[in-house]
Every structure is written in structure tokens, then in C-alpha cells.
Amino acid sequence: MRTEINKFGYLQPTSVSDAVSLLTQYGGSARAISGGTDLLYQMKNQLTLLTPSTVVDISQLGLNGVAYSSSNGLTVGATTNITTVKNDPNVNQYYGALASAATGHTVQIANQATVAGNINQEVWCWYLRNNYDCWRNGGNVCYAVVGDNRYYHSLFGGNMCYAVHPSELSPALTALGATLTVQGPGGSHTITMEQFLPGVSIVDGRVKENSLRYNEIVTQINIPTPAAGTQQAYFRIADRTAIDFPLASCAVVATFNGSNVASAKIVLGHVATKPIRASSAESFLSGKEL
């Protein structure tokens with residue numbers, strides 16, 4: 001069956017503050033767009049609660065690019081595409097977990113999808129994506145609780161919605177201690193990945209797992225310089241490597257003192273409604289020789 005996208009308004013702001021003003025003016029019926037790989041999917045499939053009447057294009061606001069310095073760490077613009085991150089020499093040299101997380105996408109998606117869009121994307125529960133009236137789509141039920149929940153649903157419980165957070169970059173960014181710069185009507189502020197992804201809650205009347213308000217925009221991601229002796233890795237398990245979301249993923253950032261683990265941060269992805277810390281495993285490894 002052919003699905004046609006409904007008519008929608010298109011606005012092209014000239015600055016981030018202009019974009020925020022437009023999102024505020026439209027009161028939740030507008031959504032920011034840059035790469036659009038997820039939002040256009042939602043619009044083509046006419047998901048009831050998620051389809052905006054207007055899109056605000058932030059792709060031309062100078063929010064792309066990757067910069068690194070030993071003092072300030074890594075700064076990634078929100079609209080930077082994933083291919084740029086994957087190919088950046090500083091990312092590959094100093095942030096191996098992030099580089100590995102950026103490789104788990106098809107070439108077409110990686111060339112188009114943005115970093116902020118990746119961590120802000122909607123869940124891929126098949127009930128939502130097939131326009132069931134679930135919690136995220138204006139209803140008051142999670143069909144996956146008693147229905148088909150074999151792949152993309154939480155192993156660790158949940159609240160209202162049990163779909164897993166789908167971003168591959170989020171576990172790596174969380175393990176690396178990344179912070180986000182967010183701009184809203186009151187100006188810009190900085191939040192941690194944990195504050196951005198607190199788990200499922202109601203934000204502006206919508207059930208979602210991130211805390212971004214309808215009139216806020218992520219402008220950049222900042223990652224501190226890894227401490228001396230840091231090693232890191234990211235692993236994913238998927239049915240089909242190139243085109244499937246992971247069934248599970250894990251990002252590890254460990255600092256060594258010789259061959260002993262001085263500290264470790266282990267973040268599990270695609271198994272819960274947010275990236276979660278494996279705190280018992282972290283404690284077990286601390287001080288151990290590997």
C-alpha cells in the first residue's frame with residue numbers, strides 16, 4: 001500500500017533563537033527537523049500524536065561540525081551527520097567507543113541522520129510504528145506488555161511504555177560523560193546524558209523517554225578529554241548487522257593504573273527504556289588486574 005505524506009508547513013529560521021521562537025509560537029504542533037530520517041518516517045506513516053503540522057528546519061543554522069582540543073575535549077554540533085563523526089580522526093583516536101557506536105548504521109542513514117536526532121529519535125516499537133493507540137500515541141495502554149515484545153522491549157521493567165531507547169550513540173556518550181547544550185526560550189543550559197534520558201515520563205503532555213521540551217533544541221554535545229590510561233569499547237548484537245537495531249549493546253570506558261582497573265563505567269543499551277549503568281560490574285572490576 002502506498003502511503004502519501006500529508007501537507008505540512010515548512011519554516012526556515014535564520015538563527016537558533018528564531019527556531020526556538022517558532023517552536024514556542026506553534027505550541028507543540030511544530031517539530032524541529034534536520035536530517036529527518038526518523039521524523040519523516042513518522043509523518044509518512046501518519047502516527048497520530050507524533051505527526052506535526054509544521055516543521056522548523058534547523059539544518060542551516062551552523063550547528064554542524066566536530067572540534068577537539070586537549071583542554072576542552074570534543075565538541076560535536078547537533079546537526080553533524082553520523083558519517084562525519086565516524087570518520088573524524090580525533091574521534092577515532094580519543095573516543096573509540098563513540099567511533100564504534102557510529103559504525104552501526106547503513107551508509108544512507110549515516111550520511112543523513114544527525115547526532116542530536118539519533119539520541120532524540122522515537123522508539124521503534126512495532127505497535128507505535130503501526131499507529132496503535134498506545135501511551136506514546138495518545139492512548140493509555142502498552143500493547144507490548146501482553147503482546148509481541150520479543151526484540152525491542154525492556155528487560156528491566158518500565159513505566160507506561162516498555163520500548164527500549166533506540167539510539168546507538170547514547171550508551172557511548174553516557175559512558176564518556178557527555179553533556180548537552182540545550183537552548184530554549186530562557187536561553188541555553190547544560191545537562192548530562194542522564195538528565196536528558198531519565199526514562200519514560202510525561203513531558204509536555206507526551207509520553208517519552210527524554211526530557212527535551214517541545215520548544216527546546218539541542219545545539220551541541222560536549223565530551224571531556226579522557227583521562228590518561230583510559231581504554232574504551234562499544235559492542236552491539238543484532239540479527240542483521242547493517243540494517244537492524246541492536247538487540248543489546250554495551251559501552252565500556254575504563255581507566256587503568258598499570259594492568260589494574262582504577263575505575264570503570266559500563267553502560268548497557270537497547271535493553272531498557274534508557275541507557276543503564278551496570279554498577280555491580282563496575283564495582284567488581286574496580287582494583288582488579290586484567
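Keep in mind that what you see is a predicted model, and the values were worked out from it rather than measured.

Trainee: How should I be thinking about empty space enclosed by the protein in this particular structure?
Mentor: Overall, the coordinates contain three cavities of 30 Å³ or more when judged by the stated rule. Empty space within the largest cavity amounts to approximately 80 Å³. Cys 125, Cys 134, Cys 142, Cys 161 and Tyr 162 are the residues nearest the centre of the largest cavity, which is lined by 14 residues in total. Of the residues assigned to the lining of the largest cavity, the class counts are 12 nonpolar, one polar and one charged. Approximately 40 Å³ is the volume attributed to the second largest cavity. What lines the second largest cavity is simply Trp 124, Cys 125, Tyr 152, Val 164, His 165, Pro 166, Phe 245 and His 270. The class makeup of the residues in the lining of the second largest cavity is six nonpolar, two polar and no charged.

Trainee: Which parts of the structure should I look at to understand the sheet that holds strand E11 (residues 230-237)?
Mentor: Pairing between the strands of a sheet is mediated by backbone hydrogen bonds and can be parallel or antiparallel. Strand order in the open sheet formed by four strands is E11-E12-E13-E14, with antiparallel pairing between adjacent strands. Of all the strands in the sheet, the pair left with one neighbour each is E11 and strand E14 (276-277). In this sheet, strand E12 (residues 248-257) lies alongside E11 in antiparallel orientation, the contact comprising eight bridges. Paired with Thr 230 across the two strands is Thr 255, which belongs to E12.

Trainee: Would you mind showing me how to read the sheet that holds strand E1 (residues 9-11) here?
Mentor: Read from one edge of the open sheet, three strands run E1-E3-E2, paired in parallel fashion. One side of each edge strand has no neighbouring strand; the edge strands of this open sheet are E1 and strand E2 (30-33). With strand direction ignored, the average angle separating the axes of adjacent strands in the sheet is 25°. With three bridges joining them, E1 and strand E3 (residues 54-57) adopt parallel strand pairing. Residue pairing across strands places Gly 9 opposite Thr 54, the latter belonging to E3.

Trainee: What am I meant to see in the state of the cysteines here?
Mentor: Working definition: the covalent bond between the sulfur atoms of two cysteines is a disulfide. The final tally for this structure, using the stated rule, is zero disulfides. Here Cys 142 is not disulfide-linked; the sulfur of Cys 161 is the nearest cysteine sulfur, at 5.5 Å. Owing to a relative accessible area of 15%, Cys 142 belongs among the buried residues under this scheme.

Trainee: Would you mind showing me how to read the pairing of strand E5 (residues 73-77) here?
Mentor: The side chains of a regular strand alternate between the sheet's two faces. Burial analysis of E5 places four of its five residues in the buried class, the great majority of the element. Note: E5 against strand E10 (residues 217-223), four bridges, orientation antiparallel. Bridged to Val 76 within E10 is Ile 221.

Trainee: Please explain the pattern of salt bridges as it appears in this structure.
Mentor: Side chains that differ in sign of charge can pair as their charged atoms come close. Following the criterion strictly, the structure yields 10 salt bridges and no others. Two residues, Glu 194 and Lys 265, come together in a salt bridge whose shortest N-O distance is 3.9 Å. Taken together, the residues span a long stretch of sequence, with Glu 194 in helix H10 (residues 193-196) and Lys 265 in strand E13 (residues 260-269) at a distance of 71 residues. Glu 194 sits in the partly exposed class, given a relative accessible area of 38%. By relative accessible area, Lys 265 is classed as buried at 18%. A salt bridge links Arg 277 to Glu 282, with the shortest nitrogen-to-oxygen separation between them at 2.7 Å. Exposure remark for Arg 277: the relative accessible area of 41% places this residue in the partly exposed category. It is possible to trace a salt-bridge network through shared partners that takes in Glu 122, Arg 136, Arg 206 and Glu 209.

Definitions and cut-offs
- Residues numbered from 1 in each chain as written.
- Predicted model: local features only at pLDDT ≥ 70, side-chain atom pairs only at ≥ 80, totals over all residues.
- Heavy atoms only, no water.
- 1 Å grid on protein atoms, 1.4 Å probe; cavity = no way out; pocket = protein on both sides within 12 Å on 5 of 7 lines; lining within 4 Å.
- Points joined across faces, edges and corners; volume = space filled by probe spheres on them.
- Nonpolar A, V, L, I, M, F, W, Y, C, P; charged D, E, K, R; others polar.
- Pairing = 2+ DSSP bridges.
- Helix = DSSP H or I, 4+ residues; strand = E, 2+ residues; numbered from the N terminus.
- Axes fitted to C-alpha atoms, helices over the stretch in contact; angles between N-to-C directions.
- Disulfide = S-S within 2.5 Å.
- Buried < 20%, exposed > 50% of the residue type's maximum accessible area, 1.4 Å probe, protein only.
- Salt bridge = Lys/Arg side-chain N within 4 Å of Asp/Glu carboxyl O.

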